[in-house]
Amino acid sequence: MARIDDLAKDGRYDEALRALDSSCDSALPAQKQMCAGRRFSLLLGAKRVPDALKVGEEILRAPANLKQPAGIAWTIANVIPGDPDALAFALRAAQQSDRALKGRDPMVGAILARVQ
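One structure accompanies this document, and this report is about it. Everything numeric here is computed off the predicted structure, so don't read it as measured data. (Residues numbered from 1 in each chain as written. Predicted model: local features only at pLDDT ≥ 70, side-chain atom pairs only at ≥ 80, totals over all residues. Heavy atoms only, no water.)

1. With respect to the overall build of the protein
We apply this condition: Where helices and strands are cited, they refer to DSSP runs of H or I of at least four residues and of E of at least two residues respectively, numbered from the N terminus. Restricting the calculation to C-alpha atoms gives the radius of gyration, and the globule rule supplies 2.2 Å times the number of residues raised to the power 0.38. Remark: exposure states derive from per-residue accessible area (1.4 Å probe, protein chains only) relative to the maximum for the residue type, with buried under 20%, exposed over 50%, and partly exposed in between. When checking whether two residues touch, look at their non-hydrogen atoms; a contact exists if any pair is within 4.5 Å. Reported accessibility uses the Shrake-Rupley method at a 1.4 Å probe radius. Residues are deemed covered only where the shown protein chains occlude them. In this count, Lys and Arg are taken as positive residues and Asp and Glu as negative ones, while His and the chain termini are left out. Charge coordinates come from a single atom per side chain, which is NZ of Lys, CZ of Arg, CG of Asp or CD of Glu.
Looking only at helices and strands, one finds seven helices and zero strands in the protein. When its helices and strands are written in sequence order, the protein yields α-α-α-α-α-α-α. For 116 residues, the compact-globule estimate of 2.2 N^0.38 gives 13 Å, and the protein sits close to it at 14 Å. Taken along its principal axes, the extent of the C-alpha atoms in the protein is 40 × 30 × 20 Å. Classification of the 116 residues of the protein by burial places 38% in the buried group. Of the contacts made within the protein by residues no fewer than 6 positions apart, 53% connect residues no fewer than 24 positions apart. Surface accessibility of the protein: about 6,600 Å² in total, with carbon and sulfur atoms responsible for 53%. Here the protein contributes 17 positively and 14 negatively charged side chains, and the mean placements of these two sets differ by 4 Å.

2. Examining the environment of Gln116
Residue position: Gln116 is located in the segment after helix H7 (106–115). Its relative accessible area of 65% is what places Gln116 among the exposed residues. Distance in space between the C-alpha atoms of Gln116 and Leu87 is 8.4 Å, their sequence separation being 29 residues.

3. Some remarks on helix H4 (residues 49–61)
The cut-off we apply is this: Helix span, expected: 1.5 Å multiplied by one less than the number of residues in the helix.
Taking 1.5 Å of rise per residue, 13 residues should cover 18 Å, and H4 covers 18 Å from first to last C-alpha, within 8% of that figure. Summarising the contacts, the buried residues of H4 are in contact with helix H3 (29–45), helix H5 (68–79) and helix H6 (84–100).

4. Here we look at the state of the cysteines
So the rule is basically this: The disulfide criterion is simple: two cysteine sulfur atoms within 2.5 Å.
Under the defined criterion, the tally for this structure stands at one disulfide. Disulfide partner of Cys24: Cys35, at an S-S distance of 1.9 Å. Sign of the S-S torsion, about -110° for the bond between Cys24 and Cys35, identifies this disulfide as left-handed. Placement of Cys24 in helix H2 (residues 13–25) and of Cys35 in helix H3 is noted, with a sequence separation of 11 residues between them. The same class applies to Cys24 as to Cys35, namely buried.

5. Description of the packing of aromatic side chains
Worth spelling out the cut-off: Any Phe, Tyr or Trp ring, taking Trp's six-membered ring, that has another such ring centre within 6.5 Å forms a pair; planes under 30 degrees apart are called stacked, those over 60 apart edge-to-face, and the others tilted. Working rule: Lys NZ or Arg CZ, within 6 Å of ring centre, within 35 degrees of ring normal, means a charge sits over the ring.
Inspection of every chain in the model, using the stated rule, returns one aromatic pair. A cation over an aromatic ring shows up here: Arg114 above the ring of Trp74, its NZ or CZ 4.9 Å from the ring centre.

Structure representation (structure tokens):
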């Protein structure tokens, strides 16, 4: 993953995405859960918002854990804070985590407040 991060830092997102696909193809099941989140972040970094939101929808359908939707909302708020479509998605994602955690996680609550 360090190599993928280095490629992304250099703006070589296509190469980073190919490297991610290669790594995810050979990953163990527990490691594969991280692949969608990484793909989402790389696509946002590349400013491929519609593609990132498609991956985000997949994550919302089957998150790796209850906080993952809030995590992708946080990523949107930090990487592309002015994109209205992305912010609408971020709000839904943060609300999903907040509902799943019954409003009892202060970190998720803070993310929800930020995207609102």
